[in-house]
Amino acid sequence: MRRIIITGGAGFIGSNLVHHWCETYPDDYVVVLDALTYAGNLNNLSSLKDRDNFLFVKGDICDRESIDHLLQSHQIDTVAHLAAESHVDRSILGPGAFVQTNVVGTFTLLESFRNYWLSKDKPDHYRFLHVSTDEVYGSLEPEDSAFTETTPYAPNSPYSASKAGSDHLARAYYHTYGMPTIITNCSNNYGPYHFPEKLIPLMCINILLGKPLPVYGDGLNVRDWLYVEDHCRALDTVIQKGLPGETYNIGGNNEVKNIDLVGMLCELMDELAPDLPVKPAKQLITFVKDRPGHDRRYAIDASKIRNQLGWQPQETVREGLRKTILWYLHNQNWWQPLLSPDYQKYYSQVYG
Ligand code: NAD
Ligand code: DAU
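To keep things clear, this report deals only with the structure shown in the data block.

Calculation criteria
Residues numbered from 1 in each chain as written. Chains lettered and ligands numbered in written order. Predicted model: local features only at pLDDT ≥ 70, side-chain atom pairs only at ≥ 80, totals over all residues. Heavy atoms only, no water. Near = heavy atom within 4 Å. Polar contact = N/O pair within 3.5 Å; in protein donor to acceptor, adjacent residues only side chain to side chain. Areas by Shrake-Rupley, 256 points an atom, 1.4 Å probe, with all protein chains shown as cover. Helix = DSSP H or I, 4+ residues; strand = E, 2+ residues; numbered from the N terminus. Nonpolar A, V, L, I, M, F, W, Y, C, P; charged D, E, K, R; others polar. Expected span 1.5 Å × (residues − 1). Contact = heavy atoms within 4.5 Å. Phe/Tyr/Trp six-rings, centres within 6.5 Å; stacked < 30°, edge-to-face > 60°. Lys NZ or Arg CZ within 6 Å of the ring centre and 35° of its normal.

**What to know about the site of ligand 2**
Part 1 of the argument: D134, Y159, R291, H294 and Y351 are the nearest of the 23 residues found near ligand 2.
Part 2 of the argument: The separation between an oxygen atom of ligand 2 and a polar side-chain atom of D134 is 2.5 Å.
Part 3 of the argument: Between P214 and ligand 2, the recorded distance is 2.8 Å, taken from a backbone N or O atom to a nitrogen atom.
Part 4 of the argument: Protein burial of ligand 2: of its 690 Å² of free accessible surface, 94% is covered by the chains.
Part 5 of the argument: Considering every element that reaches the shell around ligand 2, the biggest residue donor is strand β8 (residues 213-216), with three residues.
Part 6 of the argument: In terms of residue class, the shell around ligand 2 is built from nine nonpolar, eight polar and six charged.

Structure below.
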C-alpha cells in the first residue's frame, strides 16, 4: 500500500493518473495537490470526492510551508509530480510563470521531500517521480533516430527550457543526496480531460462549432501520439518497478504529421458527430502563421522501459482518437464552460 501525493492532479494527465490510481489500488491513500490554475479543473475529480482515502488540497507547489505540512501530516511515501505550466504557446506569450512553477516549484518540492525523507531515515521504498517531456531533447530532422534517454538536452521553447531545468534538478538530487528520484520523458498525450488549447481538443471543438481549424506553418511537423491511459500505466509501472536515479522515455510509437492527424480527426468527426455545422469538416482546415521556434519532429525510442520494465502502449492512434472524440461529444458540459472570456482572450492573442 502506498500513500501517494499527485501534484497537478486536477489537470489533464494528472486527473487521468488519479483515476487510474484509485481504480488500480483502491486501498492506497491518494492526496492531490493542485493550484487550480486555468488548466486545473475540479470537475475532473468530481466522481472521487466521497472516497475516504482521497483528499484534494488546493495549493501551490512553490509554497514550502504547506508542502512540508502535507508530506508530514499525511505520511506520504510517494510523490508523482505532474504540476506544471504545460502549453508551449503560452510560454511564448509569458515565460515567467513557467520558470516559477516548473523550475522554482519543482525545486521547492524536491527540497521539502529531501528534508522529510531524511527525517524518516531514508526509507528504501520512498519514491519521487518527476514527470517530464520529450521536448527537452529539442527537434529532430526527418531522417534522425528517435530520442533515447542519452540524447543530449536541447530545449527550444521557454516551456521545454523550464522543464529541462526541473529535470536537471531532479537528477542532481539523486546524484548528490541519493534521494530516490526517477524521471520520465513522454511524448504528446491525448484523451479525456484535455484542455481545449491543445491541438486535438482544439480541433474537435472547432469542428463541432464550425470554426476554422488553424494548422501552423505547412502542417508537416511530426508528433508521437500516446493515449493518456497508456501514459498512466507507464507512470504506474515506473513507480512500482523503476530504479531510483534512472530516466525512462515513454512514447506511443505513433508518429503522425499534424496535417494528417487533423485530416483523421475530420474524417472521424464526419462519421461520429451528428449535425455538424460544416461537413465534410476538412473544409475548415486553414493554414496559419507558424509558432515561433516550432520544433519540427519529436519521436521517442521507448525500448528501455519496454525491455527493462515490460511496459508498452496498447492503443492505436485511430482507436484512441475515436474514443477521444466520443468523449468530447458526450461531455460538452465539461468543455463548454472552459471557453471562457479569458480563454477567448488567449485565443485571439495566438490566432488573431
Ligand atoms: P495541464 O496543464 O493539463 O495540468 C497542469 C496542472 O498543474 C493543472 O491542474 C494546474 O492547475 C496545476 N498547476 C499549475 N501550476 C501549479 C502550481 N504552481 N502549483 C500546483 N499546481 C499547479 O498539464 P498536463 O498536460 O496534464 O501535463 C502534466 C505534466 O506532464 C506536466 O509536467 C507536463 O510537462 C508533462 N507532460 C505533458 C505531456 C502532454 O502531452 N500533455 C506530455 C509529456 C509530459
Ligand atoms: O511532446 C510533449 C508535449 O506535447 C508536452 O510536453 C506539452 O505539455 C504538450 O502541450 C505538447 O506540446 P506540443 O506543442 O507538441 O502540443 P500542442 O497540442 O500545442 O501542438 C501539437 C502540434 O500541433 C504542434 O506541432 C503544434 C501544432 N498546432 C497546435 C495548435 C494548438 C497547430 O498546428 N495548431 C494549433 O492550433
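**Describing helix α5 (residues 158-177)**
Part 1 of the argument: Between its first and last C-alpha, α5 extends 28 Å over 20 residues, near the 28 Å set by a 1.5 Å rise per residue.
Part 2 of the argument: Those residues of α5 that are buried are in contact with α3 (88-93), α4 (96-119), β5 (127-133) and β6 (181-186).
Part 3 of the argument: One or two positions beyond α5, positive phi appears at G178, with a value near 75°.

**Topic: the packing of aromatic side chains**
Part 1 of the argument: In total, this model carries 23 aromatic pairs according to the counting rule given.
Part 2 of the argument: Looking at R3, its charged tip hangs above the ring of Y29, at a distance of 4.3 Å from the centre.

**So, the site of ligand 1**
Part 1 of the argument: In the neighbourhood of ligand 1, 28 residues make up the surrounding shell, with I13, D34, S86, Y159 and K163 lying closest.
Part 2 of the argument: Within the side chain of K163, one N or O atom sits 2.7 Å away from an oxygen atom of ligand 1.
Part 3 of the argument: When the free accessible area of ligand 1 is taken as 830 Å², the share hidden by the protein chains comes to 96%.
Part 4 of the argument: Counting residues per element, the ones that place at least two in the shell around ligand 1 are α1 (12-24), β5 and α5.
Part 5 of the argument: Looking at the shell around ligand 1, the element that brings in the most residues is β5, giving three residues.

In short, geometric facts, not functional conclusions.
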